[in-house]
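What follows is each chain in one-letter form.
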Amino acid sequence: MGADEKFSNKAEELKGRAKEAVGDATDNEQWQAEGRAERAKGALKQAGEKVKDAFNSVK
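This is a predicted model, so every value here is computed, not measured.

A count of helical and extended segments in the protein chain gives two helices and zero strands. Based on the C-alpha atoms only, the size of the protein chain along its principal axes is roughly 50 × 15 × 10 Å. Counting over 59 residues, the protein chain shows a buried share of 22%. Sequence separation of at least 24 residues holds for 52% of the intrachain contacts in the protein chain that already meet a minimum separation of 6. When the accessible surface of the protein chain is summed, it comes to about 4300 Å², and 59% of that surface belongs to carbon and sulfur atoms. One finds the centroid of the 12 positive side-chain charges in the protein chain at a distance of 6 Å from the centroid of its 12 negative side-chain charges.

This is the structure we're talking about:
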């Protein structure tokens, strides 16, 4: 899978971390929750890419 997708997934995870950190600093529960969700979504996509890469290397 493409490097663009991997970069995009990592960027989404980092964006989530940043949003969560701002939410923590300002005590904004909505931003904290959104940040956790974005971080988890990015991490899940990265895991999927790793599985695809592993599967393709076995072929």
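When you line up the elements, Glu13 lands in helix 1 (residues 3–26). For Glu13, a relative accessible area of 8% corresponds to the buried category. The residues touching Glu13, leaving out its near neighbours within four places in the chain, are Glu38, Arg39, Gly42, Ala43 and Gln46.

Before going further, it helps to examine the pattern of salt bridges. For the structure shown, the criterion picks out nine salt bridges. Where Glu13 meets Lys10, a salt bridge forms, and the shortest distance between an N and an O atom there is 3.7 Å. Remark: Lys10 and Glu13 occur in helix 1; sequence separation between them is three residues, near one turn of the helix. Its salt-bridge partner being Glu12, residue Lys41 comes within 3.9 Å of it at the nearest N-O pair. Of this pair, Lys41 sits in helix 2 (residues 29–58) while Glu12 sits in helix 1; the two residues are 29 residues apart in sequence, bridging distant segments of the chain. Judged by relative accessible area, which is 44%, Lys41 ranks as partly exposed. Taking relative accessible area as the criterion, Glu12 reaches 18% and is therefore assigned buried.

For the rest of this paragraph, the subject is the environment of Glu12. Along the sequence, Glu12 and Gly42 sit 30 residues apart, while their C-alpha atoms lie 5.2 Å from each other. If near-sequence neighbours (up to four positions away) are discounted, Glu12 is found in contact with Glu38, Lys41, Gly42 and Lys45.

As a further point, take helix 2. Residues lying three or four places apart along an α-helix face the same way, a consequence of the helix completing one turn every 3.6 residues. Helix length check: helix 2 (30 residues) gives 44 Å between terminal C-alpha atoms against 44 Å at 1.5 Å per residue, within 8%. Those residues of helix 2 lying buried are Gln32, Gly35, Glu38, Gly42, Gln46 and Glu49. Where helix 2 is buried, its residues contact helix 1. For helix 2, the N-terminal cap is Asn28; the gap from its side-chain oxygen to the backbone nitrogen of Gln30 is 3.0 Å.

Scoring rules and cut-offs
- Residues numbered from 1 in each chain as written.
- Predicted model: local features only at pLDDT ≥ 70, side-chain atom pairs only at ≥ 80, totals over all residues.
- Heavy atoms only, no water.
- Helix = DSSP H or I, 4+ residues; strand = E, 2+ residues; numbered from the N terminus.
- Buried < 20%, exposed > 50% of the residue type's maximum accessible area, 1.4 Å probe, protein only.
- Contact = heavy atoms within 4.5 Å.
- Areas by Shrake-Rupley, 256 points an atom, 1.4 Å probe, with all protein chains shown as cover.
- Lys, Arg positive; Asp, Glu negative; His and termini not counted.
- Charge placed at Lys NZ, Arg CZ, Asp CG, Glu CD.
- Salt bridge = Lys/Arg side-chain N within 4 Å of Asp/Glu carboxyl O.
- Expected span 1.5 Å × (residues − 1).
- Polar contact = N/O pair within 3.5 Å; in protein donor to acceptor, adjacent residues only side chain to side chain.

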